[in-house]
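Spelled out from the first residue to the last, the chains are:
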Amino acid sequence: MENTSKNPESPQEDSYNRHSNWYTNLFPEKEQKLALLNGIKAYKGSINHWLQNHFFDCVKPITKYKDATWLTIGDAYGHDANYLLERGVQNVIASDINNEFLAVSKEVGIIEKYSAENAEELSFENNSIDYILCKESYHHFPRPYAALYEMIRVAKKAIVIIEPQDPILKMPCLLLINNILEKIKYGLINKIWKNRFSYEPVGNFVYKVSEREMEKFAAGLNLPMVAIKSFNPNYWFSGSEKIPADKSEKRFRKILLKKGLRDFLSKWGIVPSQTLSIIIFKIEPESELQKSLKTEGYKLISIPKNPYLH
């Protein structure tokens, strides 16, 4: 007898659907979308805006190429694309797995172009976009490596990944404890390393990145350079968009104190930074750009050519 039962949805497809419907469920009406977008316009000068600029400063050196083409990935309502446009970049496509919000963003002038894109299967041709920006979205993908290869396929010059850092490779003590506890009993480390397996309500595993991981990716594809910047921007709190980033504000002074201490500890390797901005270049950047990246706090890692490949 023929089996006519419907195949169960795979975890991968379930993740796609959950992410596609996330903002639609949160903001089902157009008026709600407009209210959020108007809030973004009005939050300049706030703590939230100040924190967001720490992320956007990471791409500032590349935005001097005003005629370059850009694609933003996982840019739900066009915030990332809007930053690039405000910097004078002329050709920016905002993309997300669901483009309903982006359509409203275009209508009110926040973005100019948009596309519905699954990051793990992009619709663009090889080497068709100069730069690709994936800011705080990589950890949402069910198959992040598939998305990484797709981005590097489509990019002509470079991709930018801005994501939380996986701390264990930067914390030898934690790695030592992990190795010892695993010898005693498998899984015992979970009692100490509480967020070893972190999941978000939208359904994704929080996939953090590491410097070494991206070095290996670039070396495997015989790419010339990786630029990495470590920084600590994770001090957001509910209502931060309504409080000015001014030292007269107690909440802001408290953030400055916490961030200053974390920056100091990260600088000297005592604790890892919260976040990494990683630029993977497909062609070696010109010397002027390399200088700008170093000024902005990037470490440039030249990848030696594979001697066995032309």
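In the block above lies the structure referred to throughout.
How each quantity is defined
Residues numbered from 1 in each chain as written. Predicted model: local features only at pLDDT ≥ 70, side-chain atom pairs only at ≥ 80, totals over all residues. Heavy atoms only, no water. Axes fitted to C-alpha atoms, helices over the stretch in contact; angles between N-to-C directions. Helix = DSSP H or I, 4+ residues; strand = E, 2+ residues; numbered from the N terminus. Parallel < 35°, antiparallel > 145°, perpendicular 65-115°, else oblique. Contact = heavy atoms within 4.5 Å. Nonpolar A, V, L, I, M, F, W, Y, C, P; charged D, E, K, R; others polar. Disulfide = S-S within 2.5 Å. Patch = residues over 30% accessible without salt bridge, like charges linked within 9 Å, V, L, I, M, F, W, Y side chains within 5 Å. Areas by Shrake-Rupley, 256 points an atom, 1.4 Å probe, with all protein chains shown as cover. Salt bridge = Lys/Arg side-chain N within 4 Å of Asp/Glu carboxyl O. Buried < 20%, exposed > 50% of the residue type's maximum accessible area, 1.4 Å probe, protein only. Lys, Arg positive; Asp, Glu negative; His and termini not counted. Charge placed at Lys NZ, Arg CZ, Asp CG, Glu CD. Pairing = 2+ DSSP bridges. Right-handed = clockwise from strand over helix to strand, strands pointing away.

Q: Would you explain the packing of helix α3 (residues 47-56) against helix α9 (residues 250-267) in this entry?
A: Helix-helix packing: each pair is described by the crossing angle between the helix axes and the interaxial distance. Orientation of α3 relative to α9, taken along the N-to-C sense of each, is 25°, at an axis distance of 11 Å. One finds that α3 runs roughly parallel with respect to α9. Across the interface between the two elements, I47, W50 and H54 from α3 touch R251, F252, I255, L256 and K259 from α9. Grouping the constituent residues of the contact of α3 with α9 by class yields 5 nonpolar, 1 polar and 2 charged.

Q: Explain the state of the cysteines to me, please; I cannot follow it from the model alone.
A: When the sulfur atoms of two cysteines share a covalent bond, that bond is a disulfide. Enumeration over the complete set of coordinates arrives at 0 disulfides. Free of any disulfide, C58 has its nearest neighbouring cysteine sulfur in C134, separated by 13 Å.

Q: Would you take a moment to explain a nonpolar patch on the surface for this structure?
A: A cluster of nonpolar residues, Y145, Y149 and L221, forms a patch on the protein surface that exposes about 280 Å² of accessible area. Relative to the elements of secondary structure, Y145 occurs in helix α6 (residues 144-154). Overall, the relative accessible area of 36% leaves Y145 in the partly exposed class.

Q: Would you mind going over the environment of H49 with me for this structure?
A: Secondary-structure assignment places H49 in helix α3. Residue classification places H49 among the buried positions, given a relative accessible area of 18%. Separated by 84 residues in the primary sequence, H49 and L133 place their C-alpha atoms 19 Å from one another. Discounting chain neighbours no more than four positions away, the residues touching H49 are Y43 and K44.

Q: Looking at this structure, I do not really get a positive patch on the surface. What am I missing?
A: Where like charges cluster on the molecular surface, the positive patch consists of K250, R251, R253, K254 and K258. Checked against the element boundaries, R253 lands in helix α9.

Q: What's the story with the pairing of strand β5 (residues 155-164) in this structure? I'm lost.
A: Working note: regular strand, side chains alternate between the two faces of the sheet. Of all 10 residues in β5, 7 are buried, a share of seventy percent or more. Of the pairings in the sheet, the one linking strand β4 (residues 129-135) to β5 comprises 6 bridges and is parallel in character. When the sheet's bridge partners are listed, K135 is paired in β5 with I162. As for the winding sense of the linkage, the β-α-β connection from β4 through α6 to β5 is right-handed. Pairing between β5 and strand β7 (residues 275-281): 7 bridges, direction antiparallel. By the bridge assignment for β7, E163 is matched with L276.

The analysis is restricted to geometry; functional conclusions fall outside its scope.
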